[in-house]
Amino acid sequence: MFSKVPHKYDFLNRLLTLGMDQKWRKIATEICLSSKPKRVMDLCSGTGDLAIELAKRASEDTQLVSADFCEPMLELARRKADKTGLGNKIIFQVADAAELPFDDYYFDVIGIAFGFRNLTFKNPKTDLYLREIFRVIAPGGKLVIVETSQPRSYILKRLTHLYLSSFAAPVGNAISRQSGAYSYLAYSARNFYDPAQVCELLSKVGFDPIDFTLYWQGITAIHVAEVPS
Ligand SMILES: C[S@@+](CC[C@H](N)C(=O)[O-])C[C@H]1O[C@@H](n2cnc3c(N)ncnc32)[C@H](O)[C@@H]1O
């Protein structure tokens, strides 16, 4: 599915979130870099927006990895990073979250922007993915997740769900010329877990403590899950 949308992916992200997606990635970047990590991975990196934000702000000696299992998305990420002169600060790695090609405890921080839903929503490999992510984060390190969430207010929730079905799905499908891709986005975002359920998933594999902040009344949430020292 992802290999068919890269050409319009960034444009649609900006359009469908009114440009807020980049703001949320910037907040996540600050959280990722706040502990001055030496090794950071943007997992499910897609077209690399989080990796590029990290590269803009990370210190010279921070190793940055942009990983995704979809080569066309990662290729676009590489081209974008090269264009902005940041290509040499990022290692691009084709990798499936189910089998990350890194040693135990390799990363201080892993960031995932809008990919956690793909890894966990009705996904039979959820547990495998989360255990693998946990495995490669060092004790005291953290996982930072930016993802769609469920607004707390009933009215805002209904409006968001209506927006997803009646605007985001048809417009996304039409612009990307992929009939299923944005219907899947709308369906999975409408039915995705609330923050408490995300915390439960993360807690089951050992993350502790887990904290979250809601943005736009819960349309998006950032979870920060730590690996105990
Ligand atoms: C919705 S996109 C998010 C891309 C990007 N992080 C962003 O902020 O826009 C989800 C990405 O997750 C990747 N992905 C999904 N499942 C994956 C897996 N098992 N391993 C690695 N990448 C995966 C897809 O290829 C896609 O690029």
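Bear in mind that the values here come from a model prediction, so they are computed numbers and not experimental data.

Visitor: Give a detailed account of the side chain of T62, specifying residues and quantitative values.
Guide: By the element assignment, T62 lies in the loop between α3 (49-57) and β2 (63-68). Overall, T62 belongs to the buried group, its relative accessible area being 7%. Separated by 3.1 Å, the side chain of T62 and the backbone oxygen of P37 make a polar contact. Discounting chain neighbours no more than four positions away, the residues touching T62 are P37, K38 and V40.

Visitor: So what's going on with the site of the ligand? Residues and values would help.
Guide: In the neighbourhood of the ligand, 19 residues make up the surrounding shell, with Y9, C44, D68, A97 and A113 lying closest. Interatomic distance of 2.6 Å between a side-chain N/O atom of D68 and an oxygen atom of the ligand. Within the backbone of A113, a nitrogen or oxygen atom sits 2.8 Å from a nitrogen atom of the ligand. For the shell around the ligand, the elements supplying multiple residues, two or more each, are α1 (6-16) and α5 (116-120). Classifying every residue of the shell around the ligand by side-chain character gives 12 nonpolar, 4 polar and 3 charged.

The rules behind these values
Residues numbered from 1 in each chain as written. Predicted model: local features only at pLDDT ≥ 70, side-chain atom pairs only at ≥ 80, totals over all residues. Heavy atoms only, no water. Helix = DSSP H or I, 4+ residues; strand = E, 2+ residues; numbered from the N terminus. Buried < 20%, exposed > 50% of the residue type's maximum accessible area, 1.4 Å probe, protein only. Polar contact = N/O pair within 3.5 Å; in protein donor to acceptor, adjacent residues only side chain to side chain. Contact = heavy atoms within 4.5 Å. Near = heavy atom within 4 Å. Nonpolar A, V, L, I, M, F, W, Y, C, P; charged D, E, K, R; others polar.

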